[in-house]
Amino acid sequence: MENDSAGTLWAPAEITPAVAGTEASTRGLVEHLGSVPDLTALLTREKALVFRGFGIEPARLDEVMDLLLPNRLAYVHGNSPRTKVGANVYTSTEYPAEYAISMHNEMSYAHQWPARLLFFCETAPHTGGATPVIDGTRWLSCLDPEVREAFRGGVRYTQNLHGGMGLGKSWQSTFETEDRERVEAFLAGSGAGWQWLPDGGLRVTQERPAIVRHPVTGDEVWFNQADQWHPAALGDDTAAALAAIMPAEELPQSVAFADGSPIPDEYVVQVRDRGLANAVDVDWQAGDLLLIDNVLVGHGRRPFTGPRRVLVAMSD
């Protein structure tokens, strides 16, 4: 079975000025959001919302974010490369344009993950660059039964964060601090294990679930980033090159089942490929907003050409 193609694919609900009966402006969107009696209930029901055609100006983005993200979070302990551009506002993952970013739920490897994600398209790409989104229940159901069952015991993530020079991210940028005591306090509160290394780096291990239930709907969803942390999902050539220079436990990030046993290469490749195959693309226009429930919906990125700039913020 390559994927479950039965039934109509879920897609985000699109809200436009014509539908909302408001003017095409930031003010119009603010007024519309003020008229929504329960945004949380709407988002839970629809799983993701696209706000299109309002012509949101970057200078007024905070005004909209204050309504859509009631408690904006910092990207602390995040594993992807990105740049902070405002008050807990970041660029989306800075990854070469010619590559796809596989489906994932933001920070599903962490002790506490954001409940909501908001994407804002400041500059649309010339071609490609869509943000694919996938219903987490579909992602779970399209996997082979043996894969689903193998992951029910959870996974163990390992990060090797350098101290200022090395492969991958530094612990200073990951935790947005130079203070080791602050890092240790954060990790202790998250239930993670850690070890300061002789070269000034930091090794972090975390055991997390791979499948969870949404706290409101009770839907069981695929919710982990094992494929992104596993070298096999990087492609045969890249995986072979990494294996030749260092063991898995010394890679910037790696993953195993929670009991420490290795995850078969074919499992993570299936997760990656079927996630992308069962996703629906949100094609960007400048000024668009995409709000998603981070547990119910996974997201990724398609390859692109041109100067794509998409910002992201998150809240609990």
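Every value quoted in this text rests on a predicted model; they were computed, and no experiment measured them.

A. How the structure looks around the overall build of the protein. Looking only at helices and strands, the protein features 11 helices and 19 strands. Long-range contacts, defined here as pairs at least 24 residues apart, represent 80% of the contacts in the protein between residues at least 6 apart. Summing over all exposed atoms, the protein offers an accessible surface of approximately 13,800 Å²; the carbon and sulfur share of this is 52%.

B. Here's a closer look at unusual backbone geometry. Phi at Lys47 is positive, roughly 80°, even though this residue is not glycine. On the secondary structure map, Lys47 appears in the loop between helix H3 (39-46) and strand E2 (48-51). The backbone phi angle of Glu176 is positive, close to 55°, even though this residue is not glycine. On the secondary structure map, Glu176 appears in the loop between helix H7 (171-175) and helix H8 (180-190). For Glu176, a relative accessible area of 34% corresponds to the partly exposed category.

C. Highlighting helix H11 (residues 265-277). With 13 residues, H11 ought to run about 18 Å at 1.5 Å a step, and its terminal C-alpha atoms sit 18 Å apart, in line with that. If you check which residues of H11 are buried, you get Tyr267, Val268, Gln270, Val271, Arg272, Arg274, Gly275 and Leu276.

D. Up close: the sheet that holds strand E15 (residues 280-282). Here 4 strands make up an open sheet; going across it, the order is E5-E17-E8-E15 and the pairing antiparallel. Each having just a single partner strand, strand E5 (101-104) and E15 make up the two edges of the open sheet. Strand-to-strand twist across the sheet, computed as the mean angle between neighbouring axes with direction ignored, equals 25°. Both E5 and strand E17 (residues 297-301) contribute to a ladder of 2 bridges, which runs antiparallel. Paired with His104 across the two strands is His299, which belongs to E17. Of the strands in this sheet, E5 and strand E8 (131-135) are in contact with H11, which crosses E5 at around 85°.

E. Seen up close, the nonpolar core. Counting residues in hydrophobic clusters, the biggest one holds 48 residues, and the most contacted among them are Phe119, Phe151, Trp222, Ile263 and Leu290. Among the elements that line this core, the one with the most residues is H11, at 4 residues. Discounting chain neighbours no more than four positions away, the residues touching Leu290 are Ala48, Leu49, Val50, Leu117, Leu118, Phe119, Thr131, Val133, Val282 and Trp284. By size, the runner-up hydrophobic cluster in this structure holds 24 residues, among which are Ala13, Leu39, Leu69 and Leu118.

F. Broad picture of the packing of helix H2 (residues 26-35) against helix H4 (residues 61-68). Where H2 meets H4, the closest approach of the two axes is 10 Å, and the angle between their N-to-C directions is 15°. Between H2 and H4, the angle is such that the two are roughly parallel. Considering the relative orientation of H2 and H4, their crossing is left-handed. Contact residues: H2 offers Thr26, Leu29, Val30 and Leu33, while H4 offers Glu63, Val64, Leu67 and Leu68. Residue classes in the contact of H2 with H4 are distributed as 6 nonpolar, 1 polar and 1 charged.

G. Spatial organisation of the pairing of strand E16 (residues 289-293). Taken across its 5 residues, E16 has 5 buried, putting it largely inside the fold. Alternating residues of E16 divide into Leu289, Leu291 and Asp293 and Leu290 and Ile292, and every residue in both groups is buried. In the sheet, E2 pairs with E16 via 4 bridges, with the strands oriented antiparallel. Looking at E16, one finds that Phe51 is bridged to Leu289. Pairing of strand E6 (residues 116-123) with E16, which is carried by 5 bridges, proceeds in the antiparallel orientation. Its bridge partner being in E16, Phe119 is matched across the sheet by Leu290.

H. How the structure looks around the confidence of the model for the protein. Counting all residues, the mean pLDDT for the protein is 88, and 89% of those residues have values of 70 or more. Low confidence marks residues 1-5, where pLDDT is under 50. Its contacts with residues over four positions away, or in another chain, come to 15 contacts.

I. Up close: the pattern of salt bridges. Overall, the coordinates contain 15 salt bridges when judged by the stated rule. Notably, a salt bridge pairs Arg72 with Asp62, separated by 3.1 Å at the nearest N-O pair. Taken together, the residues Arg72 in the loop between H4 and strand E3 (84-86) and Asp62 in helix H4 connect sequence positions 10 residues apart. Of the residues examined, Arg72 reaches a relative accessible area of 16% and is grouped as buried. A salt bridge links Arg72 to Asp66, with the nearest nitrogen and oxygen atoms 3.0 Å apart. Looking at Asp66, the relative accessible area reads 53%, which means it is exposed.

The rules behind the values
- Residues numbered from 1 in each chain as written.
- Predicted model: local features only at pLDDT ≥ 70, side-chain atom pairs only at ≥ 80, totals over all residues.
- Heavy atoms only, no water.
- Helix = DSSP H or I, 4+ residues; strand = E, 2+ residues; numbered from the N terminus.
- Contact = heavy atoms within 4.5 Å.
- Areas by Shrake-Rupley, 256 points an atom, 1.4 Å probe, with all protein chains shown as cover.
- Buried < 20%, exposed > 50% of the residue type's maximum accessible area, 1.4 Å probe, protein only.
- Expected span 1.5 Å × (residues − 1).
- Pairing = 2+ DSSP bridges.
- Axes fitted to C-alpha atoms, helices over the stretch in contact; angles between N-to-C directions.
- Core = buried A, V, L, I, M, F, W, Y, C linked by side-chain atoms within 4.5 Å.
- Parallel < 35°, antiparallel > 145°, perpendicular 65-115°, else oblique.
- Left-handed = near helix turned anticlockwise from the far one by under 90°.
- Nonpolar A, V, L, I, M, F, W, Y, C, P; charged D, E, K, R; others polar.
- pLDDT = per-residue confidence, 0-100.
- Salt bridge = Lys/Arg side-chain N within 4 Å of Asp/Glu carboxyl O.

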